[in-house]
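Secondary and tertiary structure notes
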Amino acid sequence: MEHDTIAAISTAVGEGGIAIIRISGPDAISSTDRIFKSSKRLSEADSHTIHYGHIINPESGESLDEVLVTLMRGPKSFTAEDVVEINTHGGVIAVKKVMDAVLQLNAVRVAEPGEFTKRAFINGRIDLMQAEAVIDLIRSKSDRAFSVAKKQAEGVLSRKIKALRQTVIELLAHIEVNIDYPEHDVEELTAAFIEEQCTKAIAEINKLLKTASEGKILREGIMTAIVGRPNVGKSSLLNVLAQENKAIVTDIPGTTRDVIEQIVTINGIPLRLLDTAGIRETSDIVEQIGVERSRDVLQEADLILYVLNYNEQLQPEDKLLLEGMKGRSVIVIVNKTDLEQKLDLTEVEAILDRSVIVQMSMLEEKGLEELENKISELFFEGQLESDDLTYISNVRHIALLKKARQSLQDAIEASQAGVPIDIIQIDGRMAWEALGEILGDEAGDSLIDQIFSQFCLGK
Ligand code: GDP
């Protein structure tokens, strides 16, 4: 099946200046030659060249579109196979006509989602971790997440995992020699050596896992809940942040009935803003549902933006909710500073640290920058500015790293307990396999299929 030649429209469906049809496989060049009229045949052309011409209907000879064709011979191509990319005019019709012509030849079939990247993996051009990064690249919602995914696609993280595996394989090699040639005069495997190698690997894993929460945040966004009693300015805040009117802003308390989600980027960090209905005991049934959901959302939130009014005294329910937020990532926004002060700030400071309080006026758009800075401080303590973009962000990788760490810990404990080395060897193997699974070395077919099916068509 891997020897088929595949094709797909690789650009997004819809109107656009150009669209690209990508063809990959052993028949990519010869097939294209049969439908491409140009001054030179592709099969005679040099690799990595671009050719102007027309795509014709192979049966009628009718010209379908004026195109540019890029030729990339394997293994120097995305899939490591021969690849032809046809740049057609954008718009649904032109692309479809050219795609039909490609398929009419019967030498080429439609690619499955992710199949081009899967081939790059199978042909050994990239590892599984890099392939997964390609999915992240396509899906990334912020510049920062994009840079992280790009680094990963380039193999920066893979190299770290490989170095880790090297440490484990050294350990396994020592154990192997001791088991297989006990009669030889090999250096005796000491418990100290086992423990040293394992500790070294565990320290590396811990370093990688430390980046995990930041990686997750960059990939998925910080789940941010905007909370406060009705009319304090929650929707206004959402709007100021999103700079567009998606939530309804009114003077009637409790109009934000449902949870609305938007993604905004603050200092390069994606925030998933959840605007919640005013948290307040109420007799309104619809609003009750909203309040219930608000509480659920609060539980899941990475960050809580609690909004108070400058021109209102702190209410008992505010106190109750703020008390419940101790130990969470919370920023208290004191809104409407353009109005007369009635709020006693010391009452808030008695509950939460004053450093989490930001004074704002949505109306005058004041305090926004301070809020944004506080958000990035809270999550990245300035580290976001650094260039180390080797974040572990994929849950699969995190789980496997933890599994490897556990096996290494087991090995240390076994060694300390004086367990025979062939038992310790099993732990070492398990660590080696878990790390290999991250790169795809030990991954089963079903896992690989599942990963690649997440791709969009044409990638
Ligand atoms: P929510 O119920 O918490 O979502 O509150 P809204 O965002 O709907 O705002 C309630 C009312 O307060 C609206 O009339 C807003 O225009 C007004 N408002 C919001 N922010 C400010 C502010 O900073 N100053 C003043 N004076 N009014 C504001």
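Keep in mind it's a predicted model, so treat the numbers as computed, not measured. (Residues numbered from 1 in each chain as written. Predicted model: local features only at pLDDT ≥ 70, side-chain atom pairs only at ≥ 80, totals over all residues. Heavy atoms only, no water.)

**Regarding the nonpolar core**
- With 30 residues, the main nonpolar core has Ile161, Leu401, Leu408 and Leu435 as its most contacted residues.
- At the level of secondary structure, the elements contributing two or more residues to this core comprise helix H6 (156-180), helix H7 (191-210), helix H14 (395-416) and helix H15 (421-439).
- The greatest single-element share of this core, amounting to eight residues, is contributed by H14.
- The contact partners of Ile161, leaving out residues within four places of it in the chain, are Met129, Leu208, Leu401, Leu435, Ile438 and Leu439. (Core = buried A, V, L, I, M, F, W, Y, C linked by side-chain atoms within 4.5 Å. Buried < 20%, exposed > 50% of the residue type's maximum accessible area, 1.4 Å probe, protein only. Helix = DSSP H or I, 4+ residues; strand = E, 2+ residues; numbered from the N terminus. Contact = heavy atoms within 4.5 Å.)

**What to know about the confidence of the model for the chain**
- When pLDDT is averaged along the chain, the result is 80, and 76% of the positions lie at 70 or above.
- In this model, residues 278-283 is a region of pLDDT below 50 whose contacts with residues beyond four sequence positions or in other chains number 20 contacts. (pLDDT = per-residue confidence, 0-100.)

**Points about a nonpolar patch on the surface**
- A contiguous nonpolar patch, built from Ile50, Tyr52 and Leu68 and spanning about 320 Å² of accessible area, is present on the exposed surface.
- Here Leu68 falls in the partly exposed class, since its relative accessible area comes to 40%. (Patch = residues over 30% accessible without salt bridge, like charges linked within 9 Å, V, L, I, M, F, W, Y side chains within 5 Å. Areas by Shrake-Rupley, 256 points an atom, 1.4 Å probe, with all protein chains shown as cover. Salt bridge = Lys/Arg side-chain N within 4 Å of Asp/Glu carboxyl O.)

**Looking at the pairing of strand E11 (residues 303-309)**
- Burial runs high along E11: seven of the seven residues are buried.
- Of the two faces of E11, the one holding Leu303, Leu305, Val307 and Asn309 and the one holding Ile304, Tyr306 and Leu308 are both buried throughout.
- In the sheet, strand E8 (residues 222-227) pairs with E11 via four bridges, with the strands oriented parallel. Pairing of Ala225 across the sheet is with Ile304, part of E11.
- Inspection of the sheet shows E11 paired to strand E12 (residues 330-335) by six bridges, in the parallel sense. (Pairing = 2+ DSSP bridges.)

**Notes on unusual backbone geometry**
- Following Gly74, the chain continues into Pro75 via a peptide bond in cis, with omega recorded as 0°.
- Mapped onto the elements of the fold, Pro75 is located in the loop between strand E5 (63-72) and strand E6 (83-89).
- A positive phi angle, close to 75°, is found at Ala80, a residue other than glycine.
- Locating Ala80 in the fold gives a position in the loop between E5 and E6.
- One non-glycine residue, Lys336, lies in the positive phi region at around 65°.
- You can see Lys336 is positioned in the loop between E12 and helix H12 (345-349).

**Thoughts on the environment of Gln409**
- Take Gln409: it is sitting in helix H14.
- Note: C-alpha distance between Gln409 and Asp427 (18 residues apart in sequence) is 8.7 Å.

**A closer look at H15**
- Taking 1.5 Å per residue as the helical rise, H15 with its 19 residues ought to reach 27 Å, and the 27 Å between its terminal C-alpha atoms agrees with that figure.
- All buried positions along H15 are accounted for by Ile424, Gln425, Asp427, Gly428, Ala431, Trp432, Ala434, Leu435, Gly436, Ile438 and Leu439.
- Once H15 ends, the next one or two residues include Gly440, with phi positive near 95°. (Expected span 1.5 Å × (residues − 1).)

**Regarding the packing of H14 against H15**
- Relative to each other, H14 and H15 sit at 165°, their axes nearing to 8 Å. Our classification of the angle between H14 and H15 gives roughly antiparallel. In the packing of H14 onto H15, the handedness of the crossing is left-handed. Here Arg396, His397, Leu400, Leu401, Lys403, Ala404, Ser407, Leu408, Asp410, Ala411, Ala414 and Ser415 of H14 come into contact with H15, specifically with Ile424, Asp427, Met430, Ala431, Ala434, Leu435, Glu437 and Ile438.
- Taken together, the residues of the contact of H14 with H15 break down into 12 nonpolar, three polar and five charged. (Axes fitted to C-alpha atoms, helices over the stretch in contact; angles between N-to-C directions. Parallel < 35°, antiparallel > 145°, perpendicular 65-115°, else oblique. Left-handed = near helix turned anticlockwise from the far one by under 90°. Nonpolar A, V, L, I, M, F, W, Y, C, P; charged D, E, K, R; others polar.)

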